[in-house]
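Structure at a glance
Spelled out from the first residue to the last, the chains are:
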Amino acid sequence: MSLIAAARAVRENAHAPYSKFKVGAALTAASGTVYTGCNVENVAYPEGTCAEAGAIAAMVAGGDTTISEIAVIADSPKPVSPCGGCRQKIAEFATGDVKVTLATTDGIVHETTVAALLPGSFDADYMSRV
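Residues numbered from 1 in each chain as written. Predicted model: local features only at pLDDT ≥ 70, side-chain atom pairs only at ≥ 80, totals over all residues. Heavy atoms only, no water.

1. Digging into the packing of helix α2 (residues 51-61) against helix α3 (residues 84-93)
The contact between α2 and α3 brings their axes to 9 Å, and the two run at 25°. Between α2 and α3, the interaxial angle falls into the category roughly parallel. Where α2 crosses over α3, the two elements pack in a sense that is left-handed. Residues E52, A53, I56, M59 and V60 of α2 touch α3, and the partners they reach there are C86, K89, I90 and F93. Looking at side-chain class alone, the contact of α2 with α3 contains 7 nonpolar, no polar and 2 charged residues. (Axes fitted to C-alpha atoms, helices over the stretch in contact; angles between N-to-C directions. Helix = DSSP H or I, 4+ residues; strand = E, 2+ residues; numbered from the N terminus. Parallel < 35°, antiparallel > 145°, perpendicular 65-115°, else oblique. Left-handed = near helix turned anticlockwise from the far one by under 90°. Contact = heavy atoms within 4.5 Å. Nonpolar A, V, L, I, M, F, W, Y, C, P; charged D, E, K, R; others polar.)

And the structure:
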């Protein structure tokens, strides 16, 4: 199953009663294992969990710590992009050259990289004096 197909499938499980905007994410870890996540909203909107954060949490819970590739999909007019917080979360577990596939449910796809999504990311080097 492709990452887009995995993201599309998990998107159907999203809990988005407030925004009605379901998002699915799937990533491949360095181990080759695929992890998925969907957005989960709650009544204290906009509190909730993004699909990308859910997939990353599943990866870490599964014992992996490195993203090799990630895909995100939503029913939007153009390929959905991760929010700023999720871009930083992705950068925590991926190098800048990692492929990021953004997609719509209509089949429009945009391929980019972590570095292109988050130039100048905050990384552990900034903490070197601590």
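2. Concerning the sheet that holds strand β7 (residues 109-113)
Ordered by their spatial adjacency, 5 strands build an open sheet running β2-β1-β5-β6-β7, and the pairing between neighbours is mixed. Of all the strands in the sheet, the pair left with one neighbour each is β2 (34-38) and β7. When strand polarity is set aside, the average angle formed by the axes of neighbouring strands in this sheet is 15°. For strand β1 (residues 23-29) and β2, the ladder comprises 5 bridges, and the chain directions are antiparallel. Across the sheet, residue A26 finds its bridge partner in β2, namely T36. (Pairing = 2+ DSSP bridges.)

3. Examining a nonpolar patch on the surface
A grouping of F122, Y126, M127 and V130 is seen on the molecular surface, where their side chains present a nonpolar patch of about 500 Å² in accessible area. One can find V130 in the segment after α4 (114-117). (Patch = residues over 30% accessible without salt bridge, like charges linked within 9 Å, V, L, I, M, F, W, Y side chains within 5 Å. Areas by Shrake-Rupley, 256 points an atom, 1.4 Å probe, with all protein chains shown as cover. Salt bridge = Lys/Arg side-chain N within 4 Å of Asp/Glu carboxyl O.)

4. A few points about the layout of surface pockets
The computed volume of the largest pocket comes to approximately 310 Å³. Lining the largest pocket are 18 residues, and of these V23, N39, T49, C50 and A51 sit closest to its centre. Breaking the lining of the largest pocket down by element, the ones donating at least two residues are β3 (40-41), β4 (48-49) and α2. (1 Å grid on protein atoms, 1.4 Å probe; cavity = no way out; pocket = protein on both sides within 12 Å on 5 of 7 lines; lining within 4 Å. Points joined across faces, edges and corners; volume = space filled by probe spheres on them.)

5. Concerning the environment of T101
In this fold, T101 is placed in strand β6 (residues 99-104). C-alpha separation for the pair T101 and P77, spaced 24 residues apart in sequence, amounts to 15 Å.

6. Concerning the nonpolar core
Ranked by size, the top nonpolar core spans 23 residues in total, and within it L27, M59, I67, I90 and V114 carry the most contacts. Those elements giving two or more residues to this core turn out to be β1, α2, β5 (67-74), α3, β6 and α4. In this structure V114 touches I90, A91, A94, T95, G96, V98 and V100, once residues within four positions along its chain are discounted. Judged by nonpolar contacts, the second largest core, of 7 residues, contains A6, A7, A71 and A103. (Core = buried A, V, L, I, M, F, W, Y, C linked by side-chain atoms within 4.5 Å. Buried < 20%, exposed > 50% of the residue type's maximum accessible area, 1.4 Å probe, protein only.)

Interpretation in functional terms is not warranted from these geometric data alone.
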